[in-house]
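Spelled out from the first residue to the last, the chains are:
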Amino acid sequence: MSRNKENKKGFIAEFKKFIMRGNVLDMAVGVIVGGAFTSIVTSLNQDILTPILGIFGGTDFGYLTVTLGTGENAPVLNYGNFITAVINFLITALVIFCLVKGINAIGGRMKKREEEKPAAPATKKCPYCLSEIPKEATRCAHCTSHLDEEE
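Residues numbered from 1 in each chain as written. Predicted model: local features only at pLDDT ≥ 70, side-chain atom pairs only at ≥ 80, totals over all residues. Heavy atoms only, no water.

### What to know about the overall build of the protein chain
Then comes step 1: Secondary structure assignment for the protein chain yields three helices and four strands.
Then comes step 2: Across the 151 residues in the protein chain, those meeting the buried criterion constitute 15%.
Then comes step 3: Once local pairs closer than 6 in sequence are excluded, the contacts in the protein chain between residues at least 24 apart make up 20%.
Then comes step 4: Surface summary for the protein chain: the accessible area is close to 12600 Å², and the carbon and sulfur share equals 64%. (Helix = DSSP H or I, 4+ residues; strand = E, 2+ residues; numbered from the N terminus. Buried < 20%, exposed > 50% of the residue type's maximum accessible area, 1.4 Å probe, protein only. Contact = heavy atoms within 4.5 Å. Areas by Shrake-Rupley, 256 points an atom, 1.4 Å probe, with all protein chains shown as cover.)

Below you can see the structure in the form of structure tokens.
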């Protein structure tokens, strides 16, 4: 019985460690923001794009149906809703593509700026013979002069 209790405590501790990892929290935030973003794209499609496309197609996609069979309980395929879902997906994919492309472009510019910064010099000049020596050197390899730490 005590071994079962230890397993439960170990499981709970392991679960707590898993939940507290940064990438899990980031993923949770991403899912929440993704849900909000999905509702925005769905509204864009249903409230703006579908009516505009309905002008050209002569109908709103949401009302496109096919009744299979006859009678009151005949199944109905709402293929207009499917078309709307496909359009939602394509719009979402396009917007995400544009966002990722923009973020990558900004990241590329920032990376170029970091690369443009000159690196710290790896060498210094010997004050006695003026030859290039490693920055960490305490004695010149050319004239064997002893260098102070401050130089």
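### Considerations on the environment of I87
Then comes step 1: By the secondary structure assignment, I87 is in helix α3 (residues 79-116).
Then comes step 2: I87 sits 45 residues away from T42 along the chain, and the two C-alpha atoms are 9.2 Å apart.

### Quick word on the side chain of S131
Then comes step 1: Position of S131 relative to the elements: it lies in the loop between β3 (123-125) and β4 (132-134).
Then comes step 2: Judged by relative accessible area, which is 15%, S131 ranks as buried.

### A look at the state of the cysteines
Then comes step 1: According to the stated counting rule, one finds zero disulfides in the structure shown.
Then comes step 2: Here C129 is not cross-linked by a disulfide; its sulfur's nearest cysteine counterpart is in C140, at 3.6 Å.
Then comes step 3: Taking relative accessible area as the criterion, C129 reaches 32% and is therefore assigned partly exposed. (Disulfide = S-S within 2.5 Å.)

### A look at unusual backbone geometry
Then comes step 1: Even without being a glycine, L130 presents a positive backbone phi close to 60°.
Then comes step 2: With respect to the element layout, L130 can be found in the loop between β3 and β4.
Then comes step 3: Among the residues examined, L130 registers a relative accessible area of 60% and is labelled exposed.
Then comes step 4: We note that T144 has phi near 60°; this positive angle belongs to a residue other than glycine.
Then comes step 5: Checked against the element boundaries, T144 lands in the segment after β4.

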